[in-house]
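# Structural overview for review
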Amino acid sequence: MVQHSGNVMLNFFCIFAYMQGNLKQLVMFDMDGVLLDSMPKHSIAWTQALKEQGIDIEPDFIYLNEGRTGKDLIELIGKHTDRNLDWTSVYQRKTEIFKQLGGACPMAGTLDVLKEIRKCGARSTVVTGSGHSNLKEILEGFYPSLLDHENMVTAYDTERGKPYPDPYLEGLRKTGTPAGKAIVIENAPLGIQAAHGAGCFVIAVNTGILPDSVLWNAGADIVFHSMAELAPAIHRFLQTGSEPGLWKTKSSGYLIKRPWLTARKDHVVLPDGHENPEHWVIEYSDWVNVIAITTDGEFVFERQYRHGLGIVEYEICAGVIEEGETPIEAAKRELLEETGYCGGEWSLEMVTCQNPSVCSNLTYCFIARGVEFASGQNLDYTEDISVHLLSAKEVHSLLKADKLKQALMTAPLWKYFAENPLTE
Ligand code: CA
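Remember, it's a predicted structure, so these values are computed and weren't measured experimentally.

### Regarding the sheet that holds strand S8 (residues 248-258)
Strand order in the open sheet made by the three strands is S8-S9-S10, with antiparallel pairing throughout. The sheet is open, and its two borders are formed by S8 and strand S10 (275-283), each paired with just one other strand. Here the average twist between neighbouring strands, direction ignored, is 20°. Bridge analysis of S8 against strand S9 (residues 261-269) gives nine bridges, and the strand direction is antiparallel. Its bridge partner being in S9, Lys 248 is matched across the sheet by Val 269.

Structure (structure tokens):
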């Protein structure tokens, strides 16, 4: 077999993808924290400029609000502190301090990402909330001829900045690119939210101080930890078909709407205009389940008859979120009602769905560590539940032997064992 060098293989894949029409056309880069290694200095400059106004802010606040235009950020701080700040003078002072700190430098690894994108035949441009006067010169100096400056979007191009999708929609409009054919590279939660809202595939690169979960929750499709880590991977994200668009519902009606079965028929329109007059959705309320572990480290399990499969099996506690309840309130109530256990430290382990194509509800899976027996069960007439305490090893062996059939329970249990492996 012939050994290809990485580059030859990369070019081959890009040409193949291009011939198939399976190539993203445009990559829109956020600027601060992606193209420029500037956020630590921005954070210091903001902190100092605001301190001069008698306002103390934490760096987290700057990172959480990164992507807002200077005006939006100052107005937000004014609102929070009940102060009428003159945004132009505060912004000017902040810019001055930023310059004194030495200004921006290129982000390590970004040059390689831009070169890979060019090799694949896609374009790169910039979408930023910055209103800096000589952005083009700075960026061209760091990344010569690699960025499409004609179609750059800055603070002056849209009335509403990030987290609204407007700046990214403007980037798509300027370049004439459908949202499905564009990728956005962002480092900040508000920018991710904006790009996701514009319908683009979003690569988040966590170059800041926030935990990854903030970026995932903002709508990131994948998270990297540096531009250098992204550089050898970017071609795989470019060589994909168009990002699928959302369906629109033309009309909707119910076949049945009963407490335990609600079937909705939607007449839907696909992004390409095709219509399906009959897409069925089974609606349920949201559900909860609980991996409850006693102070002795035993898992609180139940056995009950399940009529769908006609079997008696092991399960963890589960139930429906009642009207007006939060997921955790429902989970605590269900655990006490079904097993008589309560207390302990609670955390959300997973939010999942049995089948997103045809079901509309979510299941919130909790872990309760250190629960204790408080009282007897309080069951509905359809519930015939016996309570069983199992060791971690026994639960693990039930999972391995495929003895737990409820997928919404096996998912968080397997996650639990991935994060807390058996020691022996
Ligand atoms: Ca940024």
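Right, picking up where we left off after that structure.
### Comments concerning the domain arrangement of the protein
One can read the domain layout of the protein as domain 1 (2-37 + 104-238), domain 2 (39-100), domain 3 (248-283) and domain 4 (287-419). On a C-alpha basis, the centres of domain 1 and domain 4 stand 42 Å from each other.

### Focus on the environment of Gln 100
By the secondary structure assignment, Gln 100 is in helix H5 (residues 87-100). On the basis of neighbour counts, which here come to 12 C-beta atoms within 10 Å, the residue Gln 100 falls in the exposed class. Put simply, Gln 100 and Glu 383 are 283 residues apart on the chain and 70 Å apart in space, counted from C-alpha to C-alpha.

### Some words on the packing of helix H2 (residues 39-51) against H5
Their axes nearest at 8 Å, the elements H2 and H5 cross at an angle of 135°. Put simply, H2 runs oblique to H5. For the crossing formed where H2 meets H5, the hand is right-handed. Counted together, Lys 41, His 42, Ala 45, Trp 46, Gln 48 and Ala 49 of H2 and Val 90, Arg 93, Lys 94, Ile 97 and Phe 98 of H5 form the full contact between these two elements. Residue classes in the contact of H2 with H5 are distributed as six nonpolar, two polar and three charged.

Each value, and the rule that gives it
Residues numbered from 1 in each chain as written. Predicted model: local features only at pLDDT ≥ 70, side-chain atom pairs only at ≥ 80, totals over all residues. Pairing = 2+ DSSP bridges. Helix = DSSP H or I, 4+ residues; strand = E, 2+ residues; numbered from the N terminus. Axes fitted to C-alpha atoms, helices over the stretch in contact; angles between N-to-C directions. Domains from an automatic or database assignment. Buried ≥ 20, exposed ≤ 12 C-beta atoms within 10 Å, placed from the backbone. Parallel < 35°, antiparallel > 145°, perpendicular 65-115°, else oblique. Left-handed = near helix turned anticlockwise from the far one by under 90°. Contact = placed C-beta atoms within 7 Å. Nonpolar A, V, L, I, M, F, W, Y, C, P; charged D, E, K, R; others polar.

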